[in-house]
Amino acid sequence: MTKQFLDIEAFNKLLQKWNGKQIKVSKQELNDYDEAIIDLSAITYETHTRRLDDYEPLHTLQLNGAGKVKTDYNSYQTLPTFVYEIPLENSSLYQFDGERFALVTDRAIYTIEIFQ
């Protein structure tokens with residue numbers, strides 16, 4: 001499958017179709033790799049108009065639902081909250097290949113797919 005680049009509106013429209021499904025979110029940031037499994041119950045966005053510094057993102061994608069994160073010991077631990085946040089920037093890239101999303105930010109690459 002070929003990857004197609006999306007704008008945020010098209011990305012959101014396609015991702016909304018996965019509400020109610022179990023998804024896997026993988027994050028690759030420098031030498032750090034994280035993986036979370038989430039029972040997706042809602043997709044929301046937050047805008048931070050009062051940022052203290054540039055490290056806090058202007059926008060955040062929030063994947064809502066119960067979930068668990070893979071630990072260093074190949075076991076899973078419950079996520080501390082029912083929200084998995086992905087920071088978004090104006091320069092973020094959104095791709096979809098028909099089976100998985102790739103979200104590329106200045107700090108990390110996120111992959112979102114249906115968990116099988």
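Residues numbered from 1 in each chain as written. Predicted model: local features only at pLDDT ≥ 70, side-chain atom pairs only at ≥ 80, totals over all residues. Heavy atoms only, no water.

Quick look at the pairing of strand S5 (residues 59–64) now. Counted residue by residue, S5 has 5 buried out of 6 residues, so it is predominantly covered. Direction of pairing for strand S4 (residues 42–47) relative to S5: antiparallel, over a ladder of 6 bridges. Looking at the pairing, Ala42 lines up with Asn64 of S5. Alignment of S5 against strand S8 (residues 83–88), held across 6 bridges, turns out to be antiparallel. Considered in S8, the bridge of Asn64 is made with Val83. (Buried < 20%, exposed > 50% of the residue type's maximum accessible area, 1.4 Å probe, protein only. Helix = DSSP H or I, 4+ residues; strand = E, 2+ residues; numbered from the N terminus. Pairing = 2+ DSSP bridges.)

A word on the nonpolar core. Of all hydrophobic cores here, the largest spans 23 residues; its most connected members are Phe11, Leu15, Val25, Leu61, Leu63, Ile86 and Ile112. Broken down by secondary-structure element, the contributors of at least two residues to this core are helix H1 (8–16), strand S2 (22–29), strand S3 (32–39), S5, S8, strand S9 (93–96), strand S10 (100–104) and strand S11 (109–114). Looking at this core, the element that brings in the most residues is S8, giving 3 residues. Filtering out sequence-adjacent residues up to four positions away, Phe11 remains in contact with Leu6, Tyr45, Leu61, Tyr94, Phe101, Leu103 and Ile112. (Core = buried A, V, L, I, M, F, W, Y, C linked by side-chain atoms within 4.5 Å. Contact = heavy atoms within 4.5 Å.)

Moving on, we come to the pattern of salt bridges. Evaluation of the coordinates by the stated rule reveals 6 salt bridges. A salt bridge links Glu99 to Arg100; its shortest N-O distance comes to 3.9 Å. You can call Arg100 partly exposed: its relative accessible area is 32%. Note that Glu113 is salt-bridged to Arg100, the shortest N-O span being 3.6 Å. With Glu113 in strand S11 and Arg100 in strand S10, the pair connects residues that are 13 residues apart, well separated along the chain. When salt bridges that share partners are traced, they join Lys24, Asp97, Glu99, Arg100 and Glu113 into one network. (Salt bridge = Lys/Arg side-chain N within 4 Å of Asp/Glu carboxyl O.)

Within the open sheet, the 8 strands sit side by side as S1-S9-S10-S11-S2-S3-S6-S7. Their pairing is antiparallel. In this open sheet, the two strands that pair with only one neighbour each are strand S1 (4–6) and strand S7 (76–78). For this sheet, the mean angle separating the axes of adjacent strands, direction not counted, is 25°. Note: S2 against S3, 8 bridges, orientation antiparallel. The partner of Glu29 across the bridge, within S3, is Asp32. (Axes fitted to C-alpha atoms, helices over the stretch in contact; angles between N-to-C directions.)

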